[in-house]
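Structure at a glance
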Amino acid sequence: MGKLTLLLFMISVIICNLYFLVEKLVYKENHPSIFGYSIAVVVSGSMADAINIDDLVVIHQDDHYDMGDIITYESGKSLVTHRIVGKTTEGFQTRGDANNIADINPVKEDQILGKVVKVVPGVGKVLYFFQSPFGVSGSMGRYSTGIHYTDHAGISTLEIPDL
């Protein structure tokens, strides 16, 4: 990946994070989305092996959900990502793939954030790091000073820009 591509990617990530921050803090939006897409990090093993703890799920709002779709929905103040296993007059019946029984309460359409369209394994650990004070200060310090560490064929170098 070239330096320009990396820079454009970093700028895009920063802009998306700022957008999400404004949506959450200013507009009090619990689950902001961009063009109908939002993300969540999985914190339980109820969907293992399809989706594991610390996986990032990309969710897309949809108008129609079918049996077998993996959806993310609000349950109280939490988000739940489970598979649709049935439909009743009260809503969708869901179950985690690793669970023995279906969820007790049916899921109504207005609870659903969307369908899981992509799973990115293990990315939650990285996101948690960059949300921590150490991760924020470390990444800001590295990019604001231009100092970086490289390892070329076993030879370690610390590169410091000319001032």
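In what follows, the structure referred to is the one given above.
In this report, the structure presented in the accompanying data block is examined. If you're wondering where the values come from, they're calculated on a predicted model, not measured in any experiment.

1. Side note on the sheet that holds strand β4 (residues 78-88)
Ordered in space as β1-β2-β6-β3-β4-β5, the six strands form an open sheet in which the pairing is antiparallel. Every other strand in the sheet has two partners, leaving β1 (37-41) and β5 (91-95) as the edge strands with one partner each. The mean inter-strand angle of the sheet, taken between neighbouring strand axes irrespective of direction, is 50°.

2. Description of the nonpolar core
Formed by A40, V42, M47, I51, V57, I59, I70, L113 and V116, the largest nonpolar core amounts to nine residues. For this core, the secondary-structure elements that each account for two or more residues are β2 (56-60) and β6 (112-120). With residues up to four places along the chain from it excluded, the contact list for I70 reads M47, I51, T81, H82, R83, G114, K115 and V116. Ranked by size, the runner-up nonpolar core spans eight residues in total, among them V80, I84, F92 and V107.

3. So, a nonpolar patch on the surface
Taken together, the side chains of I14, L18, L21, V22, L25, V26 and Y27 present a nonpolar region at the surface, about 700 Å² in accessible area. You can see L25 is positioned in helix α1 (residues 3-25). A relative accessible area of 54% places L25 in the exposed class.

4. Remarks on the side chain of D103
Tracing the backbone through its elements, the reader meets D103 in the loop between β5 and β6. Although D103 is buried, it forms no salt bridge, and the closest oppositely charged side chain is R95 at an N-O distance of 7.9 Å. Engagement of the side chain of D103 in a polar contact is seen with the side chain of H82, the distance being 2.7 Å. Setting aside anything within four residues of it in sequence, one finds D103 in contact with Y73, H82, Q93, T94 and R95.

What counts, and at which threshold
Residues numbered from 1 in each chain as written. Predicted model: local features only at pLDDT ≥ 70, side-chain atom pairs only at ≥ 80, totals over all residues. Heavy atoms only, no water. Pairing = 2+ DSSP bridges. Helix = DSSP H or I, 4+ residues; strand = E, 2+ residues; numbered from the N terminus. Axes fitted to C-alpha atoms, helices over the stretch in contact; angles between N-to-C directions. Core = buried A, V, L, I, M, F, W, Y, C linked by side-chain atoms within 4.5 Å. Buried < 20%, exposed > 50% of the residue type's maximum accessible area, 1.4 Å probe, protein only. Contact = heavy atoms within 4.5 Å. Patch = residues over 30% accessible without salt bridge, like charges linked within 9 Å, V, L, I, M, F, W, Y side chains within 5 Å. Areas by Shrake-Rupley, 256 points an atom, 1.4 Å probe, with all protein chains shown as cover. Salt bridge = Lys/Arg side-chain N within 4 Å of Asp/Glu carboxyl O. Lys, Arg positive; Asp, Glu negative; His and termini not counted. Polar contact = N/O pair within 3.5 Å; in protein donor to acceptor, adjacent residues only side chain to side chain.

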